[in-house]
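Spelled out from the first residue to the last, the chains are:
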Amino acid sequence: MFEEYISKTPTSKSLHERARKVLPAGVSYGIRFFEPYPFYTAKAKGSKLYDVDGNEYIDFWLGHTALILGHSPPAIIKAVKNQLEKGTHYGTSHELEIALAEQITKMVPNAQMTRFTNSGTEANMYVTRLARAYTGKKKIAKFEGGWHGGYDALHVGVKHPFDVPESAGLTKGALEDTICLPFNDLEEEKKKIKNEEVAAILIEPVLGAGGGVPVEEEFLKGLRELCDEKNILLIFDEVITGFRLAPGGAQQFYGVKADLTVFGKILGGGFPVGAFCGPREIMERLDSRVYERPLFSFHGGTFTANPITMTAGLETLKILKDGRLINNLNKLGDKIREQLREIFEAHDIDVQVVGASSLFNTHFTRENIKDATAVFKADRKKLIDYNLKLIANGIFFLPTHTGALSTAHSKTDIEKLLSETEKYAKQNKAT
Ligand SMILES: Cc1ncc(COP(=O)(O)O)c(C=O)c1O
């Protein structure tokens with residue numbers, strides 16, 4: 001299974017041996033490790049990653065799906081180079097943070113005000129606190145398979161089986177106010193929260209780490225009604241879907257409004273970022289001049305809204321704001337999902353190609369996939385095998401993870417994905 005990959009990556013192999021001595025698992029984020037060892041990247045440009053052995057990979061992982069314009073897009077690099085001369089980190093207020101917040105307000109429904117963070121994890125942590133502060137209620141509900149970063153209160157029910165703790169070191173206390181709900185199942189959900197005082201329901205409109213499963217529109221509408229009925233804040237975690245599904249994210253794509261929205265990834269234009277936004281009435285809880293302790297809800301951070309990230313984010317949103325590129329990517333996404341399905345079906349391989357917009361993943365199962373349980377029940381070994389075969393032939397998906405499209409992907413890149421998939425399907429034809 002690994003022979004082809006190992007023969008092409010000797011320098012990565014030795015770098016991994018070196019890395020393992022100083023970085024747990026030889027990586028800086030556990031999910032970046034894959035068997036037998038990850039390749040080490042030397043540079044990246046456009047749709048491609050280049051490893052230390054000189055191998056080229058068409059990149060569908062795109063920096064955890066953040067790089068919708070591909071690697072190092074010229075417009076962003078130019079703007080950032082210009083900003084580098086003016087300072088990398090001020091630690092004071094500056095105009096770029098206003099401009100980016102204004103741009104978000106223009107594009108995203110219900111986003112009158114924004115606060116920036118350095119990661120999606122932080123944004124979800126602060127939005128959770130804000131929801132509790134605003135509603136005066138303690139419980140937070142999230143969905144099985146939903147990944148919102150490593151913040152204790154949300155780090156539950158990510159992987160199947162959902163009742164096994166996701167990490168050592170999570171205390172009972174940290175999780176006792178978190179409720180885990182089944183995805184795309186409104187009736188079950190109503191039952192689960194019936195007797196609970198819930199401050200907010202946090203949902204990823206497309207489960208990213210949970211396998212690329214999109215929310216069903218009717219379910220999302222029902223969820224909105226349920227939240228209105230019970231005075232619960234509906235929070236969209238759009239760290240993946242934001243500025244990808246539509247210029248206004250999942251709210252625009254599905255036609256359902258959130259009370260608060262969380263962003264990350266694409267918003268940073270290739271630099272670290274997170275943000276949470278909402279109506280003035282809620283966001284003003286973060287203003288200590290309006291709300292004094294104990295009513296005030298804290299948010300902060302040394303590198304928040306640093307001018308490099310703000311510059312890159314602003315340039316990125318300017319490129320995406322009219323929706324033209326996003327629409328093209330959405331059409332391409334629909335087409336690729338269809339073509340991948342056809343290839344596997346032609347070889348009698350049971351497969352579900354899931355996703356929405358320019359996000360997609362392949363699960364080897366007959367079962368229709370509407371939640372993360374079905375994702376984890378599918379044949380993951382087969383998926384890893386397929387992903388590794390692609391990697392050995394110059395196409396990178398982080399094994400088992402949801403892939404994404406960028407405006408840098410060419411027709412040839414997509415044709416190669418399809419032809420390598422065809423080869424894989426032929427070799428693994430059902431007998
Ligand atoms: C939907 C979602 N929310 C939150 C996060 C956490 O963001 P970060 O890794 O920037 O902390 C991620 C990261 O993958 C994510 O996919």
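Quick note: structure is the one above.
What you see is a predicted model, and the numbers here were worked out from it, not measured in a lab.

A. Broad picture of the overall build of the protein. Helices and strands together make up the secondary structure of the protein, namely 16 helices and 16 strands. Against the 2.2 N^0.38 benchmark of 22 Å for 431 residues, the protein shows a C-alpha radius of gyration of 21 Å, consistent with a compact globule. Taking the principal axes of its C-alpha atoms as reference, the protein extends roughly 65 × 55 × 45 Å. Out of the 431 residues belonging to the protein, those deemed buried represent 55%. Intrachain contacts of the protein at a sequence separation of at least 6 include 69% that bridge at least 24 residues.

B. Just empty space enclosed by the protein, in detail. What the rule picks out here adds up to one cavity of 30 Å³ or more. Its boundaries defined by the atoms lining it, the largest cavity holds a volume of some 80 Å³. Along its surface, the largest cavity is lined by Leu340, Phe360, Asn361, Thr362, Leu383, Tyr386, Asn387, Phe397, His401, Gly403 and Leu417. When contributions to the lining of the largest cavity are tallied by element, the ones reaching two or more residues are strand 14 (359-363) and helix 15 (380-392).

C. Expanded view of the layout of surface pockets. When its volume is computed, the second largest pocket comes out at roughly 470 Å³. Along its surface, the second largest pocket is lined by 19 residues, and Arg32, Phe39, Thr41, Leu49 and Trp61 are the ones closest to its centre. Grouping the constituent residues of the lining of the second largest pocket by class yields 11 nonpolar, six polar and two charged.

D. Representation of the site of the ligand within the structure. What surrounds the ligand is the set Ser119, Gly120, Thr121, Asn124, Trp147, His148, Gly149, Glu204, Asp237, Val239, Ile240 and Lys265. Trp147 places a polar main-chain atom, nitrogen or oxygen, 3.3 Å from a nitrogen atom of the ligand. Protein coverage of the free-state accessible area of the ligand, which is 380 Å², stands at 86%. No other element matches helix 6 (residues 120-135), which puts three residues into the shell around the ligand. Considering only residue class, the shell around the ligand consists of three nonpolar, six polar and three charged.

E. Geometry of the packing of aromatic side chains. Applying the stated rule across the entire model yields 22 aromatic pairs. Ring centres of Phe143 and Phe219 lie 5.9 Å apart, and the angle between their planes is 75 degrees; this geometry places the pair in the edge-to-face category. With Phe143 in strand 5 (residues 139-143) and Phe219 in helix 9 (residues 217-229), this residue pair connects regions lying 76 residues apart in the sequence. Classification of Phe219 as buried rests on a relative accessible area of 5%.

F. Structural detail: the packing of helix 15 against helix 16 (residues 411-427). Two elements in contact, helix 15 and helix 16, have axes whose closest approach is 10 Å; the angle formed by their N-to-C orientations is 130 degrees. Taken together, the axes of helix 15 and helix 16 lie oblique to each other. Once helix 15 is placed against helix 16, the crossing between them reads as right-handed. In this structure, helix 15 uses Lys382, Asp385, Tyr386, Lys389 and Leu390 to contact helix 16, whose residues at the interface are Leu417, Glu420, Thr421, Tyr424 and Gln427.

G. Broad picture of the pattern of salt bridges. Taken as a whole and assessed by the stated rule, the structure comprises 19 salt bridges. Lys48 is paired through a salt bridge with Glu56; the nearest N and O atoms lie 3.7 Å apart. For Lys48, a relative accessible area of 19% corresponds to the buried category. Residues Glu284 and Arg280 are paired through a salt bridge, measuring 3.2 Å at the closest nitrogen-oxygen approach. We classify Glu284 as partly exposed; its relative accessible area is 22%. Arg280 gets classed as partly exposed once you look at its relative accessible area, which sits at 43%. Residues participating in the shared-partner salt-bridge network are Lys48, Glu56 and Asp413.

What counts, and where the lines are drawn
- Residues numbered from 1 in each chain as written.
- Predicted model: local features only at pLDDT ≥ 70, side-chain atom pairs only at ≥ 80, totals over all residues.
- Heavy atoms only, no water.
- Helix = DSSP H or I, 4+ residues; strand = E, 2+ residues; numbered from the N terminus.
- Rg over C-alpha atoms; globule rule 2.2 N^0.38 Å.
- Buried < 20%, exposed > 50% of the residue type's maximum accessible area, 1.4 Å probe, protein only.
- Contact = heavy atoms within 4.5 Å.
- 1 Å grid on protein atoms, 1.4 Å probe; cavity = no way out; pocket = protein on both sides within 12 Å on 5 of 7 lines; lining within 4 Å.
- Points joined across faces, edges and corners; volume = space filled by probe spheres on them.
- Nonpolar A, V, L, I, M, F, W, Y, C, P; charged D, E, K, R; others polar.
- Near = heavy atom within 4 Å.
- Polar contact = N/O pair within 3.5 Å; in protein donor to acceptor, adjacent residues only side chain to side chain.
- Areas by Shrake-Rupley, 256 points an atom, 1.4 Å probe, with all protein chains shown as cover.
- Phe/Tyr/Trp six-rings, centres within 6.5 Å; stacked < 30°, edge-to-face > 60°.
- Axes fitted to C-alpha atoms, helices over the stretch in contact; angles between N-to-C directions.
- Parallel < 35°, antiparallel > 145°, perpendicular 65-115°, else oblique.
- Left-handed = near helix turned anticlockwise from the far one by under 90°.
- Salt bridge = Lys/Arg side-chain N within 4 Å of Asp/Glu carboxyl O.

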